[in-house]
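Descriptive structure summary
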Amino acid sequence: MRVLSGRYELVETVGRGGMGEVWRGVDRELGRAVAVKVLPPELTRHEEFRSRFRREARTVASLTLVMEFIEGRTLAEVLGDGPLTMERATAIMRDVADALAHSRAQGLVHRDVKPSNVMITDDGQVKILDFGIAKVVADTATRLTATGMTVGTPAYLSPEQIHGTAVDARTDQYSLGCLFYELLTGRPRSAVTRRSP
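Now for a quick tour of the structure. (Residues numbered from 1 in each chain as written. Predicted model: local features only at pLDDT ≥ 70, side-chain atom pairs only at ≥ 80, totals over all residues. Heavy atoms only, no water.)

Looking now at the overall build of the protein chain. When helices and strands are tallied, the protein chain shows five helices and 10 strands. Of all 197 residues assigned to the protein chain, the portion counted as buried reaches 41%. The contacts in the protein chain between residues at least 6 apart in sequence include a share of 54% that link residues at least 24 apart. With the model as given, the accessible surface of the protein chain reaches about 10700 Å², and the carbon-plus-sulfur share is 52%. (Helix = DSSP H or I, 4+ residues; strand = E, 2+ residues; numbered from the N terminus. Buried < 20%, exposed > 50% of the residue type's maximum accessible area, 1.4 Å probe, protein only. Contact = heavy atoms within 4.5 Å. Areas by Shrake-Rupley, 256 points an atom, 1.4 Å probe, with all protein chains shown as cover.)

And the structure:
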């Protein structure tokens, strides 16, 4: 059994992404279910990823991020049942847009809005997941990562992410449009190759 910081007991992996693995865990001190995000070993060798992850984790040691464990289904799972009605898709988009506006007010750009990063909880709330590659807007490092990798998921990348130029709130708005398209059609938009002028 793996226990982090002498407190968080890892039970099972519940998700993986470009910036880490998410485990269902137990907070031994508070006796409650938590989600624990762990940076993969291959990324710990890159200082920029470690710095981003530390900013995300802030108060949690050993390159982990502990948060509330939420029961529900991601939009990727919901879309397994087929496209949504216009009414349902619009209601979800309104909630996602509100959450992103709140994040933007805190100075954050998510940069990876996609169906697997939006969850509908068992009581119908909409939650945005995985701020692992979120960028602090005031941060001057607005281009590609030090490893030369584009940060984000290709089908939802904004033109500025593809070109490695500065990102801002419009980056998430672009991805939001891609998400809306997928909710209504049941499939991601076709990838389009873009070239700089």
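Following the structure, the description resumes.
Here we take up helix α3 (residues 86-105). End to end, α3 covers 28 Å across 20 residues, agreeing with the expected 28 Å (1.5 Å per residue, within 8%). Burial in α3 covers these residues: Ala 89, Ile 92, Met 93, Val 96, Leu 100 and Ser 103. Angular distribution of buried residues about the axis of α3 spans 100°; they occupy a single face of the element. Exposed side of α3, more than 90 degrees from the buried face: Glu 87, Arg 94, His 102 and Ala 105 are the residues found there. Phi for Gly 107, located one or two positions after α3, is positive at around 90°. (Expected span 1.5 Å × (residues − 1). Arc of directions from axis to C-beta.)

Turning to the nonpolar core, a few remarks are in order. One finds Leu 75, Ile 92, Val 96, Leu 176, Leu 179 and Leu 183 to be the most contacted residues of the largest nonpolar core, which totals 17 residues. Put simply, the parts of the chain that give this core at least two residues each are α2 (75-78), α3, β8 (118-121), β9 (126-128) and α5 (169-185). Ranked by the residues each element gives to this core, the list is headed by α3, at five residues. Ignoring any residue separated from it by four or fewer positions in sequence, one finds Leu 75 in contact with Ile 92, Pro 115, Val 118, Ile 120, Leu 179 and Leu 183. Counting residues in each nonpolar core, the second largest holds seven residues, with Leu 4, Tyr 8, Leu 10 and Val 36 among its members. (Core = buried A, V, L, I, M, F, W, Y, C linked by side-chain atoms within 4.5 Å.)

Secondary-structure assignment places His 110 in the loop between β7 (108-109) and β8. Residue classification places His 110 among the buried residues on the basis of a relative accessible area of 1%. In terms of polar contacts, His 110 uses its side chain to reach the backbone amide nitrogen of Asp 112, at 3.0 Å. (Polar contact = N/O pair within 3.5 Å; in protein donor to acceptor, adjacent residues only side chain to side chain.)

With five of seven residues buried, strand β4 (residues 32-38) is to be regarded as a mostly interior element. Note: strand β3 (residues 20-27) against β4, seven bridges, orientation antiparallel. Within β4, the residue paired with Val 22 across the bridge is Lys 37. Hairpin connection of β3 to β4: four residues between the antiparallel strands, including Gly 31 at a positive phi of 65°. (Pairing = 2+ DSSP bridges.)

The N-to-C vectors of α3 and α5 enclose an angle of 165°; their axes lie 10 Å apart at closest approach. Relative to α5, α3 is oriented roughly antiparallel. Two packed elements cross with a definite hand, and for α3 against α5 that hand is right-handed. Where α3 abuts α5, its residues Met 86, Ala 89, Thr 90, Ile 92, Met 93, Val 96, Ala 97, Leu 100 and Arg 104 lie against Ala 169, Asp 172, Leu 176, Leu 179, Phe 180, Leu 183 and Leu 184. For the contact of α3 with α5, the residue count by class is 13 nonpolar, one polar and two charged. (Axes fitted to C-alpha atoms, helices over the stretch in contact; angles between N-to-C directions. Parallel < 35°, antiparallel > 145°, perpendicular 65-115°, else oblique. Left-handed = near helix turned anticlockwise from the far one by under 90°. Nonpolar A, V, L, I, M, F, W, Y, C, P; charged D, E, K, R; others polar.)

Quick look at unusual backbone geometry now. A positive phi is found at Ser 5, a non-glycine position, where the angle reads about 55°. Here Ser 5 is to be found in the loop between β1 (2-4) and β2 (8-17).

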